[in-house]
Amino acid sequence: MAVRRNILTDAMSRQKFVRAAIALKAQFTGVTTVSLGIAGPSRPVSTWDRFVAWHSAVMGIAHSRPIFASWHRLMLRTLEQLMQQVLNDTNFGLPYWDWAADGQLSNSAQLASRLWNNDCMGSAASAPGAFTLAAFPVRLASNNAGMLVQVNRALQRTRGVGVSGISNPSLPKKASTAAALATLPYDTAPWNRNSSGFRNRVEGWNPANDLHNLVHIWVGGDMLPASSPNDPVFYLNHCNVDRIWEAWMARNGRTFLPTNTTSGAPVGFRLNDPIQSPFGPAVTSAQVLNVSGAYTYDTLAV
Amino acid sequence: MARKIASKTRPQARKTPPTGGISADASLAQAQKTAPYFKKLLADMHAHMQEGSTSTRETDYQGHHIVIETTYTVTVDGKPFNAGLGVTDGGRVYYHGMPNVGFDSAVDLMKAVIDRFADDFAGGGGQGHPDHKGAHDHENGGHDHGMRTARSRTTKNPKKGKTRRAARARR
């Protein structure tokens, strides 16, 4: 069974993740831009890039909504299994980035983290390391209107720069992850960015620009738009979010709101509503609350 | 017969793999099964982005019911910016193009959009409206002119708000 480990301390997970990411980037199974409804000439779409298209398509469903955690769990577990296939290793577990540990460091030390070494994610603005333009070109990306368009360029990051009004941010702190673990219940009406509860806290809307959202902002570049799964760091971030969710459930019980009997709950976002996947049968949030038969984490100390 | 009916009513149970119900098949055949659904989602998402939107905030205070509707009308170099902006109850401005950021203002949001999507705005312009002598950056000016030019309005008539802003700028 897969055990998900810290990418900074587990060299094997790090090496395999990089190798599998590049393999899936180069895996073409016949899917094209036309078959996905993406404008422009018909071009083959790799398995990696299909995740970019999937995430872009569900932007209004999988974010700022109750299924934020369960939808991304589905996405990550799907990628993990496809990585296991290309690695021929059914025990491979996606690594996570414990960004709150880095967040305890000074801003300059955050930039010097081993995560950004060239044997891992790479440190230059165009993120070479293993992810060179030749090995890892960005082919689909959101434009300013949120439309997914065809491109051909290197991966972009602005690490630590931030965006207008949020200059030179720090990564999230351990105090924030601790506060998230103590936040009850899982979610609350109105089931969106204005909700209190764990989901909106860990997503990073309450308070604003914290935890998951802050990591997207801190990495910047291709991590900002809906096409953020272009960057392998996306999965390291979300694997840590999934770990925090798992820690929250270990502490507070495997509960999810809204249920299908919750008054006024939006259809499609309730416990037993199906979540579609382009890579397999739909699952419900209820089905992914306990994945102990599929993978575990080396530690739930977040 | 009874067995036939039972199998029809439980198709998911047979398909569901043992590991958390999640399976992964990258084949073309699997992609084709779900392609129409995801094509529609992508098309809906694109359409939604073009629509613009109005955010409604409601609260009760000392026996009064407050409703605030906010619609943003944004142009860049005179061209409409066709992506809907929204505002949270706490006043953070967001848009789906950068789904993980809550901005202090629509001005910051638009600056970030131009920074991130610089190629989309190639050619610039950037001189503001000819009458708008005050089209300059106020970040260090200690006042809020920039906020007022693009921040949330509580009117249902965007044109009315635009006229007011233009008049204020001329002054």
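Calculation rules
- Residues numbered from 1 in each chain as written.
- Chains lettered and ligands numbered in written order.
- Predicted model: local features only at pLDDT ≥ 70, side-chain atom pairs only at ≥ 80, totals over all residues.
- Heavy atoms only, no water.
- Helix = DSSP H or I, 4+ residues; strand = E, 2+ residues; numbered from the N terminus.
- Rg over C-alpha atoms; globule rule 2.2 N^0.38 Å.
- Buried < 20%, exposed > 50% of the residue type's maximum accessible area, 1.4 Å probe, protein only.
- Contact = heavy atoms within 4.5 Å.
- Lys, Arg positive; Asp, Glu negative; His and termini not counted.
- Charge placed at Lys NZ, Arg CZ, Asp CG, Glu CD.
- Buried area = accessible area lost by both parts, 1.4 Å probe.
- Salt bridge = Lys/Arg side-chain N within 4 Å of Asp/Glu carboxyl O.

Requested: an account of the overall build of chain A, with residues and values cited.
When helices and strands are tallied, chain A shows eleven helices and ten strands. The C-alpha radius of gyration of chain A comes to 18 Å, within 12% of the 19 Å expected for a compact globule of 302 residues. Residues classed as buried in chain A amount to 62% of the 302 residues present. Restricting to contacts in chain A with at least 6 residues of sequence separation, those with at least 24 account for 68%. Placing the 25 positive and 16 negative side-chain charges of chain A at their respective mean positions leaves the two points 2 Å apart.

Break down the interface of chain A and chain B for me, citing the residues and quoting the values.
Facing 68 residues of chain A, the contacting portion of chain B comprises 52 residues. In total, chain A and chain B occlude about 4,700 Å² of area from one another, counting both sides; carbon and sulfur atoms represent 59% of this. If you sort the residues of chain A by the area they bury against chain B, Asn 144, Ser 164 and Arg 193 of chain A come out on top, with a joint share of 14%. Taken together, chain A and chain B are joined by one salt bridge. For Arg 116 of chain B, the salt bridge goes to Asp 222 of chain A, with nearest N and O atoms at 3.1 Å.

I'd like a description of unusual backbone geometry, backed by residues and values.
Residues and elements named next belong to chain A. Pro 185 follows Leu 184 through a cis peptide bond whose omega is -10 degrees. Mapped onto the fold, Pro 185 is located in the loop between helix H8 (174-181) and helix H9 (198-203). That bond from Asn 206 to Pro 207 is cis: its omega, 5 degrees, falls within 30 degrees of zero. Inspection of the secondary structure assignment puts Pro 207 in the loop between H9 and helix H10 (211-219). Positive phi outside glycine occurs at Asn 209, with the angle close to 60 degrees. Relative to the helices and strands, Asn 209 is located in the loop between H9 and H10.

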